[in-house]
Amino acid sequence: MKGYHNNHNQGKRRWRCLVIGVLFLVLLSMLVPLVFLLGLYHNGFHSTGHLSDRQTSSASATDQSSHIKELINNFAPTLPKIHQDLVINFTSGAENKTASSGTPVVIPVVPQLPPIRNDAAAAGTDEITKHKRNAVEESEKCELRFGGYCHWRDEHRENMKDFMVKKLKDQLFVARAYYPSIAKLPSQEKLTHELKQNIQELERILSESSTDADLPPQIQKKLQKMENVISKAKTFPVDCNNVDKKLRQILDLTEEETNFHMKQSAFLYQLAVQTMPKGLHCLSMRLIVEYFKSSAHDKEFPLSERYSDPSLQHYVVFSTNVLAASVVINSTAVHARESGNLVFHVLTDGLNYYAMKLWFLRNTYKEAAVQVLNIENVTLKYYDKEVLKSMSLPVEYRVSFQTVNNPPASHLRTEYVSVFSHTHYLLPYIFEKLKRVVVLDDDVVVQRDLFDLWNLNMGRKVNGALQLCSVQLGQLRSYLGKSIFDKTSCAWMSGLNVIDLVRWRELDLTKTYWKLGQEVSKGTESAESVALSTSLLTFQDLVYPLDGAWALSGLGHDYGIDVQAIKKASVLHFNGQMKPWLEVGIPKYKHYWKRFLNRHDQLLVECNVNP
């Protein structure tokens, strides 16, 4: 019996231990989710940091609650907005899933944020800097591919139109992504039918409407109805393959559409840049007609005796644009102290010669003398007639290169470099009696008297030019090929150039230019590379650097030029594709050019050149 009682007591003790163990496990299963949720609420929604385990275990419940409130009060206002939005999105998504399914849902954990620094604004600054850096990178990629069009596009970017149509298309894609998964659920026939019906309804509306103005009056109700159906569909598990497939379709279609419109816009931009505006074309045609209708072909320019006088100030302008040449001459003459000492030689081609001649016969520029030359009719002893079959204007190149100090992975830099054309190298032989000339491109505007240029002591240099030291020849090795050159030399710019014709003839630089062009062209370089390298290398070690205050370039492509710098510059150079006489010209710089137009000329009014 004694053994029986001992076994009986041991059995009771085992049973009690088992009951206690079960109760402990039940209690533990209730406490663990509660502690987990309370800890997640604290860590995920009210603080950017995480309490250490030692602090949590040693604090009492009351102290812990007060500590949490203190953390909320101290740190909550300093959360960057992007992080706050992230938390709110996770919260709302978790609540929707819990309410709809009625079962516990694992809430996504908010990614741990970087520790808060002493300066509260620093966290937000990092995000802003990151977004700016991304924007700059995108702008550089666009400029590398499409050039000045990217600046023009950013400046003229418009707000998105037909927002409702785009929103309906987005809803249609989302609904189509969810429909295959919902259709497979046997208990959701009603939802499947409702989703299909809304999809068909949106397809019908979009087939009849391409803009917001075409949408039916009850579109808001239909939009809300579709949103409600999509919200219901989101409460059910979906086949990720269907969603992935639809999203990839959206991505592919969007990328294709974006690339198409980008290429189309860039093409139209280039067309606008390279095509003469309608008003200027009208002006040239009217001038040619008036020239042959009147007796202008029998007239000669006054003051022609000054054309070969080396004691006067001679300016040379290569141009096929009547208004552009007129602005250059007018702005120079207006600011000259003694305009009677100025002589302008306008070199143009046979197509624009008669329009140029009549324009400068009709208009005077104080006391300055103007000569218009048809380059095709100029007779040269040094060169045969084949050289003068056509005239070429100063050439602009958009060059991209790697900066010296940056690592190989850095982004390419883009600059606009303008250099002499083939016709410029005939200057010493076109003007045989002159000793010095100042060559002005037709896209410049003069804002100061240029008299001091004639007193420059250039030593033994030939070309007084503005140097672009942000572009060194070593950075253009891909354009210059295998030619021998000083890699640290700065590129020089056309636009404002003081040319010593006497020194040019001594060195016979024209012959050097042609020989160098033939040698460079023997390689595999493109025609653009040959022209750029030949022009830059011809004047190697023969460029006299002008002070930066003489000329300011970039007004044809750079939107960020300081106004004070523009006011201080003696010459403004609109190098780039956005010339001031084009519709795509940069608006805030146009008035510097337009103020030198003859606004009262009847032909300008009739051709709507200066509305």
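Computed from a prediction, not measured in an experiment: that's the story for all the values here. (Residues numbered from 1 in each chain as written. Predicted model: local features only at pLDDT ≥ 70, side-chain atom pairs only at ≥ 80, totals over all residues. Heavy atoms only, no water.)

**Student:** Kindly report on the overall build of the protein, identifying the contributing residues and their values.
**Tutor:** Tallying secondary structure elements over the protein gives 21 helices and 12 strands in all. Taking all contacts inside the protein whose residues are at least 6 apart in sequence as the whole, residues at least 24 apart take part in 76%. Accessible surface for the protein amounts to roughly 35300 Å². Of this, 56% is attributable to carbon and sulfur atoms. (Helix = DSSP H or I, 4+ residues; strand = E, 2+ residues; numbered from the N terminus. Contact = heavy atoms within 4.5 Å. Areas by Shrake-Rupley, 256 points an atom, 1.4 Å probe, with all protein chains shown as cover.)

**Student:** Report on the environment of His314, specifying residues and quantitative values.
**Tutor:** Its place among the elements puts His314 in strand β1 (residues 313–318). Aside from chain neighbours lying at most four places away, what touches His314 is Arg306, Tyr307, Ser308, Asp309, Val343, His345, Leu434, Arg436, Val437, Val438 and Trp454. One polar contact links the side chain of His314 to the main-chain carbonyl oxygen of Asp309, over a distance of 2.5 Å. Engagement of the side chain of His314 in a polar contact is seen with the side chain of His345, the distance being 2.9 Å. (Polar contact = N/O pair within 3.5 Å; in protein donor to acceptor, adjacent residues only side chain to side chain.)

**Student:** So what's going on with helix α11 (residues 278–293)? Residues and values would help.
**Tutor:** The end-to-end C-alpha separation of α11 is 22 Å, in line with the 22 Å expected for 16 residues at 1.5 Å each. For α11, every residue scored as buried is listed here: Gly279, Leu280, Leu283, Ser284, Leu287, Ile288 and Tyr291. The inward-facing, buried residues of α11 contact α12 (322–335), α13 (353–362) and α21 (602–606). (Expected span 1.5 Å × (residues − 1). Buried < 20%, exposed > 50% of the residue type's maximum accessible area, 1.4 Å probe, protein only.)

**Student:** Can you tell me about a nonpolar patch on the surface, naming the residues and giving the values?
**Tutor:** Nonpolar side chains collect at one region of the surface, where Leu18, Val22, Val26 and Met30 lie side by side and expose about 390 Å² of accessible area between them. Within the secondary structure, Met30 is located in helix α1 (residues 2–45). (Patch = residues over 30% accessible without salt bridge, like charges linked within 9 Å, V, L, I, M, F, W, Y side chains within 5 Å. Salt bridge = Lys/Arg side-chain N within 4 Å of Asp/Glu carboxyl O.)

**Student:** Describe in detail the UniProt feature "coiled-coil region" (unreviewed entry) in the protein, supporting the description with residues and values.
**Tutor:** When the UniProt feature table is mapped to this numbering, "coiled-coil region" (unreviewed entry) covers residues 185–212. Within residues 185–212, the helical portion is 71% and the strand portion 0%, while the C-alpha atoms at the span's ends are 36 Å from each other. (UniProt positions renumbered as here; feature names shortened; annotations may be inferred.)

**Student:** Please set out the nonpolar core residue by residue, giving values where relevant.
**Tutor:** Proteins that are soluble and globular tend to have nonpolar side chains buried together. One finds Leu283, Leu323, Trp359, Phe360, Leu453, Leu496 and Leu572 to be the most contacted residues of the largest nonpolar core, which totals 80 residues. The element that contributes the greatest number of residues to this core is α12, accounting for 8 residues. In contact with Leu323, not counting residues within four places along its chain, are Leu280, Leu283, Trp359, Trp593, Leu597, Leu604 and Val609. Within the second largest apolar cluster, 36 residues are counted, among which are Leu347, Phe431, Ala465 and Phe539. (Core = buried A, V, L, I, M, F, W, Y, C linked by side-chain atoms within 4.5 Å.)

**Student:** Outline the side chain of Arg503, listing residues and values.
**Tutor:** Turning to its location among the elements, Arg503 is positioned in helix α16 (residues 501–507). On the accessibility criterion, Arg503 (15% relative accessible area) is buried. In terms of polar contacts, Arg503 uses its side chain to reach the backbone carbonyl oxygen of Arg460, at 3.1 Å.

**Student:** Describe the pairing of strand β3 (residues 369–374), with residues and values.
**Tutor:** Extensive coverage of β3 is indicated by the burial of 6 of its 6 residues. A two-sided burial pattern is seen for β3, the buried positions comprising Ala369, Gln371 and Leu373 on one face and Val370, Val372 and Asn374 on the other. The pairing of strand β2 (residues 342–348) with β3 spans 6 bridges and is classified as parallel. Residue pairing for β3: Leu347 is matched across the bridge by Leu373. In the classification by handedness, the crossover that spans β2, the intervening α13 and the parallel β3 is right-handed. (Pairing = 2+ DSSP bridges. Right-handed = clockwise from strand over helix to strand, strands pointing away.)

**Student:** Which residues make up the sheet that holds strand β7 (residues 444–446), and what are the values?
**Tutor:** Paired through backbone hydrogen bonds, the strands of a sheet run either parallel or antiparallel to each other. Sheet architecture is open: 3 strands sit in the order β7-β12-β11, paired in mixed fashion. The open sheet has two edge strands, β7 and β11 (551–553), and neither has a second partner. Within this sheet the neighbouring strands show an average axis-to-axis angle of 15°, counted without direction. Bridge count for β7 against strand β12 (residues 571–573) is 3 bridges, and the pairing is antiparallel. Paired with Val444 across the strands is His573, a residue of β12. (Axes fitted to C-alpha atoms, helices over the stretch in contact; angles between N-to-C directions.)

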